[in-house]
Amino acid sequence: MTDEHGPGRVTAGFREVYGTEPGGVWAAPGRVNLIGEHTDYNDGFVMPLALPHTCLAAASPRADGVLRLHSGDAPGGVVELRVEELSPVAGGAGGGDRGGWAAYPAGVVWALREAGLLTGREGGAELHFESTVPTGAGLSSSAALEVVTATALNDLYGLGLTPPRIAQLCQRAENAFVGVPCGIMDQMASACCTEGHALFLDARDLTQRQVPFDLAAAGLRLLVVDTRVKHELGDGAYASRRAACEAAARALGVPALRDVPFEGLDATLAQLERLGHDTATRRRVRHVVTEDRRVEEVIARLDAGDTRSIGPVLTAGHASCRDDFEISCDELDLVVETATAAGALGSRMTGGGFGGSAIVLVAEADAEAVSKAVTEAFAAAGHRAPRIFPAVPSAGARRL
């Protein structure tokens, strides 16, 4: 489903499910992160870009406090909930059923209600979703689902929310209702990115800058390689990485690891060792501090118009994710090693890790050969064939 015929398809789906015309159609994109992994919840820097792949929502308001949710991409019928009964503990779609897709839009409605923006007795809605964002690929399909829900309700109810505020409410929904301790990056990327740019975001104060990222003009292509694997240790390991970072910040007496200066990193690691923190925790700290510096390096190179030179910075970021943060896996490492050997300018895992996707920066002329080499390497290793497609910097959430 492309965005050209997406609005017609999602409108027809809404009509089929609910028997009426929707009040409108909205889109919110998935994202890839160019650089800055696991830095957002450490108050650091990230640099995502929106994908052309979107979650679409056709929606209409209801005046009776009933929330009805339906997905063309998930089995089952309409999920019906009452807005005033939504709860992180016993919220039907939330709390105990954290794996259910409907927890994400239901959590957004809960967050809007908790913020005093929707009344439980009136602020209902009917929503039908269709998505082209690959699920389980580390490309923020869940954030796209959250952000499109909030963007639709913002328009339908005239809430006057800015894109950054929408992102904050969606993060609260995922943290408190769904139970995933994510940072703010995914939701900010989906809500705020602009076409032809990467988003330089300071996760502490949410200041942002749209950085021109014209790959075609530089004769380059950014490939996404969806490994089509997701290792089960991912969710608990994410939470443990975050806990380790927060514990280290407390031990160092700083608000977050963002406040550890790169120039004083060796002294900081020695201090943590004296305080009894293990090697794994010290590696986590080293990753976050050096990754923030890598984001700044990429910004400087892009500002100087030298897009090609960011390649080695991306590859260095992968090594840090693999060795210090320990969130890579054999399939992701195989992408990076194979792409580099085949002539890519740089490559790294992107997203939370333990599967999902990698990105590969490559000269336009080499894109086909690098893609072929990665596909052949996966076949030789006995892995499923990866899904490979270009990442075109695209627009954030919007009404269609």
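Rules used in this analysis
Residues numbered from 1 in each chain as written. Predicted model: local features only at pLDDT ≥ 70, side-chain atom pairs only at ≥ 80, totals over all residues. Heavy atoms only, no water. UniProt positions renumbered as here; feature names shortened; annotations may be inferred. Helix = DSSP H or I, 4+ residues; strand = E, 2+ residues; numbered from the N terminus. Rg over C-alpha atoms; globule rule 2.2 N^0.38 Å. Buried < 20%, exposed > 50% of the residue type's maximum accessible area, 1.4 Å probe, protein only. Contact = heavy atoms within 4.5 Å. Areas by Shrake-Rupley, 256 points an atom, 1.4 Å probe, with all protein chains shown as cover. Lys, Arg positive; Asp, Glu negative; His and termini not counted. Charge placed at Lys NZ, Arg CZ, Asp CG, Glu CD. Expected span 1.5 Å × (residues − 1). Polar contact = N/O pair within 3.5 Å; in protein donor to acceptor, adjacent residues only side chain to side chain. Salt bridge = Lys/Arg side-chain N within 4 Å of Asp/Glu carboxyl O. Pairing = 2+ DSSP bridges. Axes fitted to C-alpha atoms, helices over the stretch in contact; angles between N-to-C directions. Phe/Tyr/Trp six-rings, centres within 6.5 Å; stacked < 30°, edge-to-face > 60°.

By the naming in an unreviewed UniProt entry, the chain is Galactokinase, taken from Streptomyces antioxidans. In the Subcellular location (unreviewed entry) part of its UniProt record, the chain is described as follows: "Cytoplasm". If you open the UniProt record of the chain and go to Pathway (unreviewed entry), you find "Carbohydrate metabolism; galactose metabolism."

Explain the overall build of the chain here, please?
Across its full length, the chain carries eleven helices and twelve strands. Relative to the globule expectation of 21 Å for 400 residues, the C-alpha radius of gyration of the chain, 21 Å, shows essentially globular dimensions. The principal-axis extent of the C-alpha atoms belonging to the chain is close to 60 × 50 × 40 Å. Out of the 400 residues in the chain, the part that is buried amounts to 56%. When contacts within the chain are restricted to residue pairs at least 6 apart in sequence, long-range pairs at least 24 apart make up 72% of them. Entry remark: accessible area of the chain is about 15200 Å², with carbon and sulfur atoms responsible for 50%. Between the centroid of the 36 positive side chains of the chain and the centroid of its 51 negative side chains there is a distance of 2 Å.

In this structure, what is going on with the UniProt feature "binding site: Mg(2+)" (unreviewed entry) in the chain? I would like to understand it.
The feature "binding site: Mg(2+)" (unreviewed entry), as given by UniProt, occupies Ser142 and Glu174 in the numbering adopted here. These annotated residues cover 33 residues of sequence, but their C-alpha atoms sit close together, with the largest distance between any two at 8.7 Å. Within the element layout of this structure, Ser142 appears in helix 3 (residues 141–156). Discounting residues that sit within four places of it in the chain, Ser142 has contacts with Tyr104 and Glu174. As for its placement among the helices and strands, Glu174 is situated in helix 4 (residues 163–178). Excluding anything up to four places from it in sequence, Glu174 contacts Tyr104, Ser142, Glu146, Gly179, Val180, Cys182 and Gln187.

Sorry if this is basic, but what is going on with helix 10 (residues 330–341) here?
Turn by turn, an α-helix covers 3.6 residues, leaving residues three or four places apart pointing in a common direction. With twelve residues, helix 10 should reach 16 Å at 1.5 Å per residue; the first-to-last C-alpha distance of 16 Å fits that figure. When we look at burial in helix 10, the residues that qualify are Glu331, Leu332, Asp333, Leu334, Val335, Val336, Thr338 and Ala339. As for helix 10, its buried residues are in contact with strand 8 (220–230), helix 9 (311–323), strand 9 (346–350), strand 10 (355–363) and helix 11 (367–380). Once helix 10 finishes, Gly343 follows within two positions and takes phi at roughly 110°, a positive value.

How should the UniProt feature "binding site: ATP" (unreviewed entry) in the chain be read in this particular structure?
The sites that UniProt annotates as "binding site: ATP" (unreviewed entry) are Ser71, Gly136, Ala137, Gly138, Leu139, Ser140, Ser141 and Ser142. Among the secondary structure elements, Ser71 is positioned in strand 3 (residues 66–71). Excluding residues within four positions of it along the chain, Ser71 makes contact with Trp101, His128 and Phe129. A polar contact is formed between the side chain of Ser71 and the backbone nitrogen of Asp73, at a distance of 3.0 Å. Locating Ser140 in the fold gives a position in the loop between strand 5 (124–131) and helix 3. What makes Ser140 buried here is its relative accessible area of 8%. Other than its neighbours up to four places away in sequence, Ser140 contacts Gly30, Arg31, Val133 and Asp186.

Can you walk me through the pattern of salt bridges in this structure?
Opposite charge on two side chains makes pairing possible when the charged atoms of those side chains draw close. Across all of its chains, the model carries 26 salt bridges by this definition. Across the pair Arg31 and Asp186 runs a salt bridge, and its minimum N-O distance is 2.8 Å. Of this pair, Arg31 sits in strand 1 (residues 24–35) while Asp186 sits in helix 5 (residues 185–192), and the two are 155 residues apart along the sequence. Taking the shortest distance from any N to any O, the salt bridge between Arg301 and Glu297 comes out at 3.9 Å. Taken together, the residues Arg301 and Glu297, both in helix 8 (residues 279–303) and four residues apart, mark about one turn of the helix. Look at Arg301 and you get partly exposed, because its relative accessible area is 29%. We classify Glu297 as partly exposed; its relative accessible area is 31%. Salt bridges sharing common partners tie together Arg62, Asp64, Arg68, Glu80 and Glu126.

What am I meant to see in the sheet that holds strand 8 here?
Within a beta sheet, neighbouring strands are joined by backbone hydrogen bonds and run either parallel or antiparallel to one another. The strand order across the open sheet formed by four strands is 9-10-8-11, and the pairing between neighbours is antiparallel. Two strands bound the open sheet, and with one partner strand each, they are strand 9 and strand 11 (387–390). Across the sheet, the mean angle from the axis of one strand to that of its neighbour is 20°, orientation sign disregarded. Each of strand 8, strand 10 and strand 11 is contacted by helix 11, which is oriented at about 15° to strand 8, the strand it contacts most.

Sorry, what's going on with the packing of aromatic side chains here?
When we look at a pair of aromatic rings, we describe it by the centre distance and by the angle of the planes. By the definition in use, this model includes five aromatic pairs. Aromatic pair Phe45 and Phe200: ring centres 5.7 Å apart, planes at 50°, arrangement tilted. Here Phe45 is found in strand 2 (residues 45–62), whereas its partner Phe200 is found in strand 6 (residues 197–202), with 155 residues between them in sequence. Each member of the pair, Phe45 together with Phe200, is buried. Ring plane angle 40° and centroid distance 5.7 Å describe the contact between Trp110 and Phe177, whose orientation is recorded as tilted. Residue Trp110 is located in helix 2 (residues 103–114), and its partner Phe177 is located in helix 4; the two are separated by 67 residues in the primary sequence. Here Trp110 and Phe177 have matching classes, each one buried.

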